[in-house]
Amino acid sequence: MVWTGTWVAERLGVELIGDEELPALLGLALRRNPKRAHLLVSSVLGKHVPQRPSVVYGAGLDLGRRVRALLGDEEAARAVVLGYAETATALGHAVADGLALAPYLHSTRRPVAGVARAGGFEESHSHATSHLLLPEDPKLLAGDGPLVLVDDEFSTGNTVLNTIRDLHERHPRERYVVVALVDMRSAADHDRLDAFAGEIGARVDLIARAAGTVRLPEGVLEKGRALVAEHEAVREPEAAPPTPAFVRAHLDWPRDLPDGGRHGFTPEHRERLEAALPALAAGAEEALRGSPGTGRVLVLGFEELMYAPLRLGTALEEAGHDVRYSTTTRSPVLAVDDPGYAIRTRLVFPAHDDPADGPGERYAYNVAGAGFDAVVLVVDSAADTPALHAPDGLLARLAEHVPHVVLAVIPSYAPGTAGTTRPVENGGADETPVTATEATEAPERSSMLPEPLRGPAFSSYAPDEVGWLLQDLSDVELEAPTEEREEAIQSGGAHYAESLPVEYQPSERYQELFHTALESSAARIARAVGTVTETVLAERAGTPVLVSLARAGTPVGVLMRRWARARHGLELPHYAVSIVRGRGIDANALRWLAAHHDPADVVFVDGWTGKGAITRELAEALKDFDGFDPDIAVLADPGSCVRTYGTREDFLIPSACLNSTVSGLISRTVLRPDLVGPDDFHGAKFYRELAGSDVSGAFLDAVAARFDEVAATVDTDVKELLAADRDPTWEGWAAVERISEEYGIHDVNLVKPGVGETTRVLLRRVPWKILAKRGADADLAHVRLLAEQRGVPVEEVDDLPYSCVGLIHPKYTRGATGADGKAVASQ
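All values derive from a computational prediction rather than experimental measurement.

Engineer: Would you take a moment to explain the overall build of the protein chain for this structure?
Structural biologist: When you go through the protein chain residue by residue, the secondary structure sums to 22 helices and 33 strands. Every one of the 827 residues in the protein chain was classed for burial, and the buried ones make up 60%. For the protein chain, the proportion of contacts with a sequence separation of at least 24, taken over those separated by at least 6, is 77%. As presented, the protein chain carries roughly 31,100 Å² of accessible surface, and 50% of it is formed by carbon and sulfur atoms.

Set out below in structure tokens:
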């Protein structure tokens, strides 16, 4: 028999190395994924390859029994089993059945309104990465007994590390057991998990059916993409879809029994399901009676809904039917009709559960051409929508290839709806909704959102200080000479976010200025940090989620988080997102936030306001997203653009003096269509090579060290602020418009007010001149030094609401000059 990994192995040079059982358990395929070219396709999981239900269920039962033998009955009874969505939801449930004594929960990518999140974690290599934990009983994960984590494939250990890190911080345990069909980790990954277990002081055991590694040759990603492009360019003609012809199965699903482990599944639930299985199988058999031929049946589940279809399949198999089992998926995989390739055929159809990220393709693999006489499609009632019944929907696609189609709908279960569900009646797609849960169960979110990046892999900040909702472009050459960038930006040939300036390397004299400024202003900054944080805590119900605007807002977000922890013992979540003038905020980052937190809890954070352009940009961008408050919390608001601030004075914030070396070694964010697709976060670079010049930690520590001494002053400031009229006056915007006209610039985007923005002009753009408020010398030493180094005149002016204003050279070309200090040279 031909190994179903041969085709990929021969073309990409991928090698599967390990136990003799591996080739029987795994095949290979190619996927459309920027992080991995290959896909390990399990023959016993029941996701991509139809398999006998008894084989699929038996694989999980056996692993569960091994866990019980490892733990002993006493510890097994204290355990909780956790499975991973979407692929391992049934496997985890079967492991829990083998363990027999423990409740089961699986992660989900379907947020459910009104259900509190008990945790969340990321799966970095997956096509769909963000996991939510939504137990109906909040105590389910709060115990200290063993936690059993179940996944189909243990490839790097990242998913398990993310899970344990998240849950261990909330509810520490002494023991974890990791369970997988195959353990494919490298030696380095083995060591990393061991080191992590030692770090948290817990025991971590691993049980797998087989072990090995995948050896990947150099350039495999590029070769894989080329192969996918080559074969997807040749598309087979498809027949016109018929009108969906199907019968509905009447399944007598037990009242108030969960349809799976999304909200928890107890041993008592298991007993009820076992007792109901014969009747459920009888309902499916009744619908199958008209099936032609020998009655070779496929039971097809739906994405995360894997366990209920699997158990229905095992019941039909025990009743004497020739049954196979698999499920639909979001995962895009190349199909090649070759016996040495694991995915022979692919059915493509639109999503039919009204997902939050909008219309998208879904897939059923190895169904077409497999010789099935009948298919029993099992979905939950939230997915029994008009899209399922449409001419191009899943029912129609199945009818093209299988003579007899049966639809079995299980009532969707959501906490708080017990006693409200009605039996699913036989009828059409336009029936009255069958359960009350449709009003409360939210659809799945975007499948393409990766995990937040964290230090030390991305940025020099500690991993708990900030999670960057960005993609890492460190290996991409993005820097361009400042003069070239300026000319391209002003000519309309490029947007400023499409490239990066060459990182400014401060001279020894300039670094001395930074440290002097930090020493003299640390208490002033600490006071502003405390004031803005206390204002946020006073005016926001619940636990605020800090979302800083990368990168200037990120040091401020870290400091606000430190203040809340030092003064109140609060651990505020903190993320950094990208916002680009003229292009808006990163919409995918907002989707990620909405899936993991209540948008009403999100507080956007920035360093300072200039003329308020970003304030306006954010307010406009959020019109398309429900629940987010557009008010930005800033340290300094000299332009009077926001309500939440630490001060409205325009003073030197030392983090404005430098670029990446005071911002965790992260670049300004990048938005370029060839690098950032519709399902990607905006990008940024991590300048690891500048670690020797990094003062990010020194800046944070110097400010945080002054928290205690300013605490009393902050309390007074906050009382006064909360009682004051803080409505924005936008006086800064008016000043910018006046300066733009007075100096003949006629473009407010080239006028950058405030110490922070003026510093940016001198570090990143082509400055024309600096306007300095007479008498503001204390905050402008670094500005004058930079201006001197670049040969930029500094003009002393009166009646300026800011300490200084930077003017970008208007109508810039590399031969342009200003004539008289006010006139603008033409191009």
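Engineer: Teacher, can you tell me more about the sheet that holds strand E13 (residues 322-328) here?
Structural biologist: Working definition: the strands of a sheet are paired by backbone hydrogen bonds and lie parallel or antiparallel to each other. In space, the five strands of this open sheet follow the order E11-E17-E16-E12-E13, with parallel pairing throughout. Single-partner strands in this sheet number two, and they are strand E11 (247-248) and E13. Where strand E12 (residues 296-302) and E13 come together, seven bridges link them in parallel fashion. Bridging across to E13, Gly 301 finds its partner in Thr 327.

Engineer: Is there a simple way to explain the confidence of the model for the protein chain in this structure?
Structural biologist: Regions with low pLDDT carry predicted coordinates that are not meant to be interpreted in detail. Averaged over all residues, the pLDDT of the protein chain equals 83, while 86% of them reach at least 70. Every residue in residues 122-129 is under pLDDT 50, and counting partners more than four places away or in other chains gives 43 contacts.

Engineer: Any chance you could explain the nonpolar core here in plain terms?
Structural biologist: Generally speaking, a soluble globular protein has its nonpolar side chains buried in company with each other. Leu 30, Val 81, Val 148, Tyr 341, Val 376, Leu 377 and Leu 398 are the most contacted members of the largest nonpolar core, which has 129 residues in total. Contacts of Val 81, omitting those with residues within four sequence positions, involve Gly 92, Val 95, Ala 96, Leu 99, Ala 102, Pro 103, Tyr 104, Leu 105, Val 148 and Val 150.

Engineer: So what exactly am I meant to see when it comes to the packing of aromatic side chains here?
Structural biologist: Ring pairs (aromatic) are described by centroid distance and by the angle formed between their planes. Within this structure, the stated rule accounts for nine aromatic pairs. Ring centres of Phe 604 and Phe 628 lie 6.2 Å apart, and the angle between their planes is 45 degrees; on these two criteria the pair is classed as tilted. Here the residue Phe 604 occupies a position in strand E26 (residues 602-608), and Phe 628 occupies one in the loop between helix H17 (613-621) and strand E27 (632-636), the gap between them amounting to 24 residues. Phe 604 gets classed as buried once you look at its relative accessible area, which sits at 0%.

Engineer: Got a minute to help me understand the pattern of salt bridges in this structure?
Structural biologist: Oppositely charged side chains are able to pair whenever their charged atoms sit close together. Evaluation of the coordinates by the stated rule reveals 42 salt bridges. A salt bridge links Arg 672 to Asp 674, with the shortest nitrogen-to-oxygen separation between them at 2.8 Å. Accessibility expressed as a relative area gives 22% for Arg 672, which makes it partly exposed. Note on Asp 674: relative accessible area 55%, which makes it exposed. Ionic pairing is found between Glu 795 and Lys 769, a salt bridge with its closest N-O pair at 3.7 Å. Remark: Lys 769 occurs in strand E31 (residues 767-773) and Glu 795 occurs in strand E32 (residues 794-797); sequence separation between them is 26 residues. Looking at Lys 769, the relative accessible area reads 6%, which means it is buried.

Engineer: Explanation requested: helix H9 (residues 267-288) in the structure shown.
Structural biologist: For an α-helix the count is 3.6 residues per turn, leaving residues at separations of three or four pointing the same way. Over its 22 residues, H9 extends 31 Å from the first C-alpha to the last, a length consistent with the 32 Å expected when each residue adds 1.5 Å. Three or more residues of H9 are buried, namely Pro 267, His 269, Arg 270, Leu 273, Ala 276, Leu 277, Leu 280, Ala 281, Gly 283, Ala 284, Ala 287 and Leu 288. Close packing links the buried residues of H9 with helix H5 (89-99), E11, E12, helix H10 (307-318), strand E16 (374-380) and strand E17 (404-410).

Engineer: Just to check I follow, could you spell out the packing of H5 against H10 for this structure?
Structural biologist: Each pair of packed helices can be described by the angle between their axes along with the distance between the axes. With their axes 9 Å apart at the nearest point, H5 and H10 run at an angle of 65 degrees to one another. Along its contact with H5, which presents Ala 90, His 93, Ala 94 and Asp 97, the element H10 presents Tyr 307, Leu 310 and Arg 311. Counted by class, the contact of H5 with H10 contains four nonpolar, one polar and two charged residues.

Engineer: What should I look at first to understand the packing of helix H14 (residues 508-539) against helix H22 (residues 781-790) in this one?
Structural biologist: Their axes nearest at 10 Å, the elements H14 and H22 cross at an angle of 165 degrees. Taken as axis vectors, H14 and H22 run roughly antiparallel relative to one another. Taken as a pair, H14 and H22 cross one another with a handedness that is left-handed. For the pair H14 and H22, the contacting residues are Arg 509, Tyr 510 and Leu 513 in the first and Ala 781, His 782, Leu 785, Leu 786 and Glu 788 in the second. Partitioning the contact of H14 with H22 into residue classes produces five nonpolar, one polar and two charged.

Engineer: What's the story with the pairing of strand E15 (residues 361-365) in this structure? I'm lost.
Structural biologist: When a strand is regular, its side chains alternate between the sheet's two faces. With four of its five residues buried, E15 lies for the most part within the structure. For strand E14 (residues 346-350) and E15, the ladder comprises five bridges, and the chain directions are antiparallel. If you follow Phe 349 over to E15, its bridge partner there is Arg 362.

Engineer: Help me understand helix H15 (residues 553-568), please; the structure alone is not making it clear to me.
Structural biologist: The terminal C-alpha atoms of H15 lie 22 Å apart, and with 16 residues this matches the ideal 22 Å at 1.5 Å per residue to within 8%. Of all 16 residues in H15, twelve are buried; the element is thus mostly enclosed. Those residues of H15 that sit buried are Gly 553, Thr 554, Pro 555, Val 556, Gly 557, Val 558, Leu 559, Met 560, Arg 561, Arg 562, Trp 563 and Ala 564. Positive phi shows up at Gly 569, right after H15, with a value of about 70 degrees.

Engineer: Which parts of the structure should I look at to understand the sheet that holds strand E18 (residues 467-468)?
Structural biologist: On the basis of which strands lie adjacent, the open sheet formed by six strands has the order E18-E23-E22-E26-E27-E28 and parallel pairing. Edge positions in the open sheet fall to E18 and strand E28 (644-647), since each of these has one partner strand only. Strand direction decides the pairing type here: E27 and E28, joined by three bridges, are parallel. Bridging from a neighbouring strand, Val 634 pairs with Tyr 645 of E28. The sheet strands contacting helix H16 (residues 587-596) are strand E22 (545-549), strand E23 (574-577) and E26, and the helix crosses E23 at an angle near 160 degrees.

Engineer: Mind showing me how you'd approach the side chain of Arg 362 here?
Structural biologist: Locating Arg 362 in the fold gives a position in strand E15. On the accessibility criterion, Arg 362 (4% relative accessible area) is buried. Separated by 3.2 Å, the side chains of Arg 362 and Glu 303 make a polar contact. If near-sequence neighbours (up to four positions away) are discounted, Arg 362 is found in contact with Glu 303, Thr 329, Arg 330, Leu 347, Val 348, Phe 349, Pro 350, Ala 351 and Pro 355.

Engineer: What should I look at first to understand the environment of Val 476 in this one?
Structural biologist: Within the secondary structure layout, Val 476 lies in the loop between strand E19 (471-472) and strand E20 (479-480). The residues contacting Val 476, other than those within four sequence positions of it, are Leu 675 and Lys 685.

Engineer: What am I meant to see in the pairing of E32 here?
Structural biologist: Pairing of E31 with E32, which is carried by four bridges, proceeds in the parallel orientation. Across the sheet, residue Lys 773 finds its bridge partner in E32, namely Val 797. Following the backbone out of E31, through H22 and into the adjacent parallel E32, one traces a crossover that is right-handed.

Engineer: Which parts of the structure should I look at to understand the environment of Ala 772?
Structural biologist: Following the sequence through the fold, Ala 772 ends up in strand E31. Sequence separation between Ala 772 and Gly 754 is 18 residues, and the spatial gap between their C-alpha atoms is 9.6 Å. Leave out the neighbours within four places in its chain, and Ala 772 touches Leu 780, Arg 784, Val 794, Glu 795, Glu 796, Val 797, Leu 800, Ser 803 and Cys 804.

Engineer: What is the right way to read unusual backbone geometry from this model?
Structural biologist: With the exception of glycine, most residues fall at negative phi, and the peptide bonds are largely trans. For the bond running from Ala 85 to Glu 86, omega is -5 degrees, close enough to zero to count as cis. In this model, Gly 455 is joined to Pro 456 through a cis peptide bond whose omega is 0 degrees. Looking at where Pro 456 falls in the secondary structure, it is placed in the loop between E17 and E18. Residue Ser 459 is not a glycine yet carries a positive backbone phi of 95 degrees. Along the chain, Ser 459 turns up in the loop between E17 and E18. Under the relative-accessibility criterion, Ser 459 is labelled buried at 1%. Positive phi outside glycine occurs at Ser 640, with the angle close to 55 degrees.

Engineer: Explain the environment of Phe 458 here, please?
Structural biologist: Turning to its location among the elements, Phe 458 is positioned in the loop between E17 and E18. When near neighbours in sequence (up to four residues on either side) are disregarded, Phe 458 contacts Leu 453, Trp 468, Leu 470, Asp 472, Ile 666, Ala 684, Lys 685 and Phe 686.

The rules behind the values
Residues numbered from 1 in each chain as written. Predicted model: local features only at pLDDT ≥ 70, side-chain atom pairs only at ≥ 80, totals over all residues. Heavy atoms only, no water. Helix = DSSP H or I, 4+ residues; strand = E, 2+ residues; numbered from the N terminus. Buried < 20%, exposed > 50% of the residue type's maximum accessible area, 1.4 Å probe, protein only. Contact = heavy atoms within 4.5 Å. Areas by Shrake-Rupley, 256 points an atom, 1.4 Å probe, with all protein chains shown as cover. Pairing = 2+ DSSP bridges. pLDDT = per-residue confidence, 0-100. Core = buried A, V, L, I, M, F, W, Y, C linked by side-chain atoms within 4.5 Å. Phe/Tyr/Trp six-rings, centres within 6.5 Å; stacked < 30°, edge-to-face > 60°. Salt bridge = Lys/Arg side-chain N within 4 Å of Asp/Glu carboxyl O. Expected span 1.5 Å × (residues − 1). Axes fitted to C-alpha atoms, helices over the stretch in contact; angles between N-to-C directions. Nonpolar A, V, L, I, M, F, W, Y, C, P; charged D, E, K, R; others polar. Parallel < 35°, antiparallel > 145°, perpendicular 65-115°, else oblique. Left-handed = near helix turned anticlockwise from the far one by under 90°. Polar contact = N/O pair within 3.5 Å; in protein donor to acceptor, adjacent residues only side chain to side chain. Right-handed = clockwise from strand over helix to strand, strands pointing away.

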